[in-house]
Amino acid sequence: MVDDVTAPPAGTRADGDTVDAASRVQTRGAAPAAAPAPRGRRPLRPAVRKRLEIAFFVLPALALFAVFIVTPVVQAVRYSVFRWNGLGPLDDFVGLANYANALRDTIFTDAVMNNFIIIALSILIQLPLGLGIALLLNREIWGRTVLRVVIFVPYVLAEVVAGVIWFMLLQPRGVMDALFDTVGLGEYTQLWLGDPKVALGTVMFVLTWKYVGLAIILFLAGLQGVPADLYEAAQLDGASWWQVQRRITIPLLGPTIRTWGFLSMIGSLQLFDMVWILTGGGPANSTMTMAVYLINQGTERSLYGYASAVAVILFVISLVLAAFYQHFILRRDNPDAPQPRKARR
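Residues numbered from 1 in each chain as written. Predicted model: local features only at pLDDT ≥ 70, side-chain atom pairs only at ≥ 80, totals over all residues. Heavy atoms only, no water.

A. Expanded view of the overall build of the protein chain. A count of helices and strands for the protein chain gives 14 helices and zero strands. Looking at the protein chain alone, contacts between residues at least 24 apart form 66% of all its contacts between residues at least 6 apart. Accessible surface, the protein chain as shown: approximately 23200 Å² in total, 65% of it carbon and sulfur. (Helix = DSSP H or I, 4+ residues; strand = E, 2+ residues; numbered from the N terminus. Contact = heavy atoms within 4.5 Å. Areas by Shrake-Rupley, 256 points an atom, 1.4 Å probe, with all protein chains shown as cover.)

And the structure:
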């Protein structure tokens, strides 16, 4: 007779080992072990990724800057120490003689002075004129949009087109002289572009007509950022119109005015096309600028080494003035720039 086989009591294994209740609960509730994650590329750190993104967008611009700005400047410095006509090899080394000759040439020094005169007159004339017209056009007046377009049209005209138009208007017995005769001012007609005493003033008048539109548009854009609440508070306090402009408008418009001043200064230093078309630097070099002098020496006299020295001098003057303006004038508009320390009490 086969012996009865009895099932092991609850809580024991077949091999006789006892399993407690806690172990059974833990075994039943345990999740299956997760499979190991496949190995892959480690993600980039945020700092490294940010640098790569900056390099991706900046390197093309730096490449263009190096090709079209840095390389020509380096080549100009190289050519400036040779006497070279633009055709033969660079074998006549003269060192700094080209720079010395340029600084001794009275025509070039007069051209430098004319550039500084144009800078001063541009700021002294265009700043109050542009600011006044901008304040007028910022008010609710009839035909304001049309006036804005008419004022800005001269700026968008090509310099060559504007120069040719004014060259024809200012010819002797031309449209300008006829206009003076019509209004009874015929006795004040001049050789507008042929008299050394009035030629620079005539060029300055054309430059003001051409570029004051940029100042007006920039000032109008800056006026849009002035809070209207400040004007209302000033009116409630009984401030006059001039007090409002002097205490509120002009201080808040300061960053825009300083930016326009920088653009005007750099443009005046590099002035070429309008002068070249109107007078060519004459009469008697009265309207000569550094850029016109450079082109005259290079293309007309084939003194490319000497012209390169003039170009380097122009570059240095522009760089020094730009750095000076940036450090002493535009610095206040940069919140990240270090400010002068205040004296301790």
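B. Local environment of the packing of aromatic side chains. Using the criterion set out here, one finds 15 aromatic pairs in the structure. A centroid spacing of 5.5 Å and a plane angle of 85 degrees characterise the contact between Trp166 and Phe205, whose relative ring orientation is edge-to-face. On the criterion of sequence distance, the pair formed by Trp166 in helix 6 (residues 159-169) and Phe205 in helix 8 (residues 199-223) is long-range, its members being 39 residues apart. For Trp166, a relative accessible area of 8% translates into the label buried. (Phe/Tyr/Trp six-rings, centres within 6.5 Å; stacked < 30°, edge-to-face > 60°. Buried < 20%, exposed > 50% of the residue type's maximum accessible area, 1.4 Å probe, protein only.)

C. Region of interest: unusual backbone geometry. Here the residue pair Gly282 and Pro283 is connected by a cis peptide bond, since its omega of -5 degrees sits within 30 degrees of zero. Mapped onto the fold, Pro283 is located in the loop between helix 12 (273-278) and helix 13 (290-300). In this model, Ala284 sits at a positive phi of 55 degrees, which is unusual for a non-glycine residue. Mapped onto the elements of the fold, Ala284 is located in the loop between helix 12 and helix 13. According to the relative accessible area criterion, Ala284 is exposed, its value standing at 69%. Its identity is not glycine, yet Ser302 carries a phi of approximately 55 degrees, on the positive side. Topologically, Ser302 is positioned in the loop between helix 13 and helix 14 (304-328). Residue Ser302 is classed as partly exposed on the basis of its relative accessible area, which comes to 32%.

D. How the structure looks around a nonpolar patch on the surface. On the surface, Leu64, Phe65, Val67, Phe68, Ile69, Val70 and Val74 cluster together to form a nonpolar patch covering roughly 670 Å² of accessible area. Here Phe65 is to be found in helix 2 (residues 46-79). (Patch = residues over 30% accessible without salt bridge, like charges linked within 9 Å, V, L, I, M, F, W, Y side chains within 5 Å. Salt bridge = Lys/Arg side-chain N within 4 Å of Asp/Glu carboxyl O.)

E. How the structure looks around the packing of helix 2 against helix 14. With their axes 8 Å apart at the nearest point, helix 2 and helix 14 run at an angle of 130 degrees to one another. For the element pair helix 2 / helix 14, the angle class is oblique. For the pair helix 2 and helix 14, the sense of crossing is left-handed. Contacts between helix 2 and helix 14 pair Val73, Ala76, Val77 and Tyr79 from the former with Gly305, Ser308, Val312 and Phe315 from the latter. (Axes fitted to C-alpha atoms, helices over the stretch in contact; angles between N-to-C directions. Parallel < 35°, antiparallel > 145°, perpendicular 65-115°, else oblique. Left-handed = near helix turned anticlockwise from the far one by under 90°.)

F. Seen up close, helix 7 (residues 175-182). Those residues of helix 7 that fall on the buried side of the exposure criterion are Met176, Asp177 and Phe180. Taken down its axis, helix 7 places every buried residue within 100 degrees of arc, on the same side. Structural note: helix 7 exposes Val175 and Thr182 on the side pointing more than 90 degrees away from its buried face. Looking one or two residues beyond helix 7, the residue adopting positive phi is Gly184, at roughly 80 degrees. (Arc of directions from axis to C-beta.)

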